[in-house]
Amino acid sequence: MKKLLLFLFMNLFLQNLWAQKIEKHQFSYSSEALDKVVLDVENKFSVKYSYVDEILNDKTISLVKKKYSLDEINLEIEKQTHLKIVKIDNRFYSLVKNEEENSEKITYLDVILIEGFLAKGINKTNEKYIIYPQKVETLPGVTDADVLLSLQQLPGVKSPNETATGLHVRGGTSDQNLVLWDGIRLYHPGHLFGMISGINPAISQSVNFYNKAVNPKFGERISSIIDIKSSDKIVGQLEGNAGLNALNADLDIKAPLLKEKLGIQVAVRKSVTEWFQSPTFRQLEDKVFQNTVFNNFDDQNKFQFQDFSTKLNFKPTENASISLSGIYIDNDLKYTNKTKDSSTDNQQMNISNYGFSINWSQKYSSRFHQKVLLFYSNYDFDYEKKEQFSPSEFEAYKKVNRITDSGLEANFNYLFNSKFTLDFGYQLFGNDVSHLFNTFNQDLGVVLSLKQVYTINHVGYSYLKFDAKNWSLYSGFRLSKFSTNGTVFEPRVLVQKRFSEHFIWQISYERRSQILSQVRENTINDLSLENYVWALSDNSSYPIQKANHFATGIILKKDNWLLDLDIYRKQIDGITTSTFGFSNQNVTSIYKGNGFTNGLDLLLQKTARDWSAWMTYTFQDSQNRFETINNFNYFLVNSNVKHALNLSFNKKWNKYSVTAGWFLHSGKPYSLLDENEQATDLNAKTLPAYHRLDVSGFYQFYNKDNKNLKVGFSIYNCYNNRTVISKEFERKFSDFGDFATPRYAVKDYYSLGITPNIFVRMSF
């Protein structure tokens, strides 16, 4: 009897002791967004939830102020959102739709093929990659969720010149990528001559990246689509976050203006480089301004940048939403130096890109949706170099490039049933593109080049999506009527077969066109940093570019292993090149040609509870040919990187996260000069292989009010391997004969050296 009483006593004691050890934390919410609640719960209880981001949209939680256990919180989430929480183990949970709720309701969402592609916050669907920058914890060498640098981690996306904006996707050039921010066209989406993104990382936004099988509602470029969308959420109370790193400071504010009806978001970022030249800036300065006269930035010689964005969200009814967005990106360079003859050399450059858009989304029924977009965008490039010999004598050179475009889109989506969906719409675009080169002094001005082209484009498109048990078929077309280039028909098709839950096969074909592109200048100015102009196809000198893209691949997923393999071929017609490097500089002819790219993209990834590792490999063979050049034979394009390998590893423990990545790629091709200093053997030689090690990490603090402070670092090129990444020709003008018979010298451009950066970010 004593033993029985002792056993009952001990049992009650242990149960009481266990009950006392149940972890609880205090929460208090009033119609708080579910994604923020989930983040708070993850931080408080050191757990992780996996979910498709779309199912959290428009869902809110309200909790009276008290202490809750994890089970109690999960129960409240299920009750208030009608979602289901599946426990995987003591640390990992999954949020899914409750199939028993409203099973008759027809919905269509992007089918997520891969969740956590490379890292949390990166997903892959049938058609695209979706990146949520603020949810991506760490990527090697990436500081504070830089949007465009994050894209470079994906297979097939490279930046041979080590810039954030110089993205070469599957053999394409950087101007063949369409960058949209809330529908606004961005022509210079970078700062510091493209070294960092011009998109503020503090903004709550998603990035939809298309590199194949592009929905025909998108056109205008033949390489990729980078569709950035800021949040439509109307917050319940004032929210914000602020950040500071070695290059800039930023601030993002969200505030309700009318409860659940009207809200505003404002974000601003400003460089600190004009006041403080950090080691980070000095390294970027050495990279960007090599082989130029710019080598001493201080209080007088300044480079500065800034960007500003705002969005007004209005929800007049449950089924309608209207937003007004605006963005402004600006870069300024001012530099003065004394030349050998004691004259003063002044150079000024301003690059700005701004625009606004109105988005109206209307849900007429559970089957029929409408989205209307009205947008305006403006790009301005102004550069002036002035050499002052005396107060009354000077010589100057000026370059101006301007783009104004605007348009209207009416996009519709109709759901026939759970298997069939139809996208269709009409779009109207107008483009006005001009450039000016002139030289002048105190007595005379000479226009070297002046051109303006204007076009109006009418577009109609249709896209049918069919999803059966094991098959998916997406098929459609885009029909464009250009006022200066006739009519272009662009068919697009994607077929997917799911052999099992572990094995998926895809094949796709698409045709795309482009009428606006960058053209290299015939003559090199002293700056030579932005030595291109945007030009509009005029159906004569600059034809319309057209590309056919074939791709096929497989996805294997099993036991936390992932294999993603894609093989592709891209054929391009209508490309052009200027005479520089190939023939007499006094001849202003533009040579037309075509090209192709054969390639392979591979990802191998392993994930575990608190670590992940991945390898990406890209093979690329890109070649062009042009009339009267190289006997019309193919030669490698200047940016071709045949082999690229990336090995990365991420480790997380408690509130720490560290990621390291080693990058290796073969060198770019380059041409030789003969004994007469003429270009020969076009891109027949290859530069040495390039490699570097990048590291990033952060630590996150939390307080009792569920606000957080995040501090982190990144080190680009840890072991300071500086390699020649480009050889470029520079025109000589030593004597009069050089004007008739061009001679060239070769300039070596080196990679970025070891570049540390630190950041701190606080939410409130």
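Attention here is on the structure that accompanies the text. Keep in mind that this is a model prediction, so the values were computed, not measured.

Assigned secondary structure in the protein consists of 6 helices and 45 strands. The buried share among the 764 residues of the protein stands at 52%. Sequence separation of at least 24 residues holds for 63% of the intrachain contacts in the protein that already meet a minimum separation of 6. Of the accessible surface of the protein, which amounts to about 34,200 Å², a share of 56% is contributed by carbon and sulfur atoms.

Judged by pairing direction, the sheet is mixed, and its 3 strands sit side by side in the order S2-S5-S4 without closing on themselves. In this open sheet, the two strands that pair with only one neighbour each are strand S2 (48-50) and strand S4 (83-87). In this sheet, neighbouring strand axes are inclined to one another by 30 degrees on average, regardless of whether the strands run parallel or antiparallel. Pairing geometry for S2 and strand S5 (residues 92-97), over 3 bridges, is parallel. The residue bridging Ser50 from the neighbouring strand is Ser94, located in S5. On top of the sheet, helix H2 (residues 34-45) reaches S2, S4 and S5; it is set at about 145 degrees to S2, its chief contact.

A grouping of Leu257, Leu258, Leu312, Phe314, Ile322, Leu324, Phe356, Ile358, Trp360, Tyr364, Leu374 and Leu408 is seen on the molecular surface, where their side chains present a nonpolar patch of about 1,000 Å² in accessible area. When residues of the nonpolar patch are traced back to their parent elements, those giving at least two are strand S18 (248-258), strand S20 (302-317), strand S21 (320-338) and strand S22 (344-363). Looking at where Phe356 falls in the secondary structure, it is placed in strand S22.

Here we come to unusual backbone geometry. Positive phi, close to 75 degrees, is recorded for Leu118, a residue that is not glycine. In this structure, Leu118 sits in the loop between strand S6 (112-115) and strand S7 (122-125). Using a relative accessible area of 1% as the deciding quantity, one classes Leu118 as buried. Non-glycine residue Glu220 carries a positive phi angle of around 75 degrees. The residue Glu220 is located in the loop between strand S15 (205-210) and strand S16 (224-230) in this model.

Definitions and cut-offs
- Residues numbered from 1 in each chain as written.
- Predicted model: local features only at pLDDT ≥ 70, side-chain atom pairs only at ≥ 80, totals over all residues.
- Heavy atoms only, no water.
- Helix = DSSP H or I, 4+ residues; strand = E, 2+ residues; numbered from the N terminus.
- Buried < 20%, exposed > 50% of the residue type's maximum accessible area, 1.4 Å probe, protein only.
- Contact = heavy atoms within 4.5 Å.
- Areas by Shrake-Rupley, 256 points an atom, 1.4 Å probe, with all protein chains shown as cover.
- Pairing = 2+ DSSP bridges.
- Axes fitted to C-alpha atoms, helices over the stretch in contact; angles between N-to-C directions.
- Patch = residues over 30% accessible without salt bridge, like charges linked within 9 Å, V, L, I, M, F, W, Y side chains within 5 Å.
- Salt bridge = Lys/Arg side-chain N within 4 Å of Asp/Glu carboxyl O.

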